[in-house]
Amino acid sequence: DLSQGSHLISVEVTDDGGLTCADQLTLVVGAAPSVSIDAPLDGAVVALGETVEFSATLSDGNDAPSALSLEWSSSIDGVFSTQPATFNGTVDIGNSNLSAGVHDIELEATNTNGFASSASIQLRVNTPPDQPSVSLSPSPAYVTDALTAVVSSGDADGDVVTYTYEWLQNGNATTYTSQTVPASATSAGERWTLRVTPNDGYVD
């Protein structure tokens, strides 16, 4: 039932002979700060090297938000910012140096009484798939041949890469979107172009 603040707690004991002894201690009753990470959203995906904009809102019943000690940390890269909040309780920072991988991002706030609380999100820093190597088979091709895409590319994160195919006939888009164009669609003297876009499950 003690109210918030600094209390001097005293006790005095008197025996049946009237002799007394006493002791006391200082007890601080308080609450931890309130912490909320507003951006990015939990589970967000960003590209390697992209500047990630972090923002948070803080409040405390004892201290002004600007007096709180803040620590942003990553489960992969460690502490990356201790920038304080503004007087109105907001903090905004940018970071373009996060390593590739899945990060547990935590913001911990500690007030002057030593009470601390934290908020956390998960953030994936993704390496986009490599530019693909593309060729057409057979080469040369004849009107009796189907055109087949031969494609390969890697991904630094080891993600499974899938491809989107765009076939152009004499520079014009066609309806073919698979790895193969049938021989019945081609005529002698045409120029067929293939554009391939890799996707690692997160980004093209």
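Report on the accompanying structure. (Residues numbered from 1 in each chain as written. Predicted model: local features only at pLDDT ≥ 70, side-chain atom pairs only at ≥ 80, totals over all residues. Heavy atoms only, no water.)

Re the overall build of the protein
Check the secondary structure of the protein and you find zero helices and 16 strands. Here the C-alpha radius of gyration of the protein, 32 Å, is well above what a compact globule of 204 residues would show, namely 17 Å. Dimensions of the protein along its principal axes, counting C-alpha atoms only, are 120 × 35 × 25 Å. When contacts within the protein are restricted to residue pairs at least 6 apart in sequence, those whose partners lie at least 24 apart make up 55%. Total accessible area computed for the protein in this model is approximately 11900 Å², and 48% of it derives from carbon and sulfur atoms. (Helix = DSSP H or I, 4+ residues; strand = E, 2+ residues; numbered from the N terminus. Rg over C-alpha atoms; globule rule 2.2 N^0.38 Å. Contact = heavy atoms within 4.5 Å. Areas by Shrake-Rupley, 256 points an atom, 1.4 Å probe, with all protein chains shown as cover.)

Thoughts on the packing of aromatic side chains
With the rule as written, the count across this model stands at six aromatic pairs. Ring geometry for Tyr163 against Tyr165: centres 6.5 Å apart, planes inclined by 50°, an arrangement best described as tilted. The structure contains a cluster of three or more aromatic residues connected by ring pairs, namely Phe54, Trp72 and Phe80. (Phe/Tyr/Trp six-rings, centres within 6.5 Å; stacked < 30°, edge-to-face > 60°.)

Side note on the environment of Thr86
Structurally, the position occupied by Thr86 is in the loop between strand S7 (78-81) and strand S8 (90-95). Here the alpha-carbon distance between Thr86 and Asn113, two residues 27 residues apart in the chain, equals 19 Å. Other than its neighbours up to four places away in sequence, Thr86 contacts Pro65 and Ser66. In this structure the side chain of Thr86 is engaged in a polar contact, spanning 2.3 Å, whose partner is the side chain of Asn88. (Polar contact = N/O pair within 3.5 Å; in protein donor to acceptor, adjacent residues only side chain to side chain.)

Description of the sheet that holds S7
One open sheet accounts for five strands, arranged S4-S10-S9-S6-S7; its pairing is mixed. At either end of the open sheet lies a strand with only one pairing partner, and these are strand S4 (44-47) and S7. Neighbour-to-neighbour, the strand axes of this sheet turn through a mean angle of 35°, independent of strand direction. Sheet analysis places strand S6 (residues 69-74) next to S7, joined by three bridges and oriented antiparallel. Within the sheet, the bridge partner assigned to Ser73 lies in S7 and is Val79. (Pairing = 2+ DSSP bridges. Axes fitted to C-alpha atoms, helices over the stretch in contact; angles between N-to-C directions.)

Observations concerning a nonpolar patch on the surface
Together, Leu2, Ile9, Leu25 and Leu27 line one region of the surface with nonpolar side chains, adding up to about 330 Å² of accessible area. Tracing the backbone shows Ile9 in strand S1 (residues 5-14). Relative accessible area serves as the criterion here: at 34%, Ile9 is assigned to the partly exposed category. (Patch = residues over 30% accessible without salt bridge, like charges linked within 9 Å, V, L, I, M, F, W, Y side chains within 5 Å. Salt bridge = Lys/Arg side-chain N within 4 Å of Asp/Glu carboxyl O. Buried < 20%, exposed > 50% of the residue type's maximum accessible area, 1.4 Å probe, protein only.)

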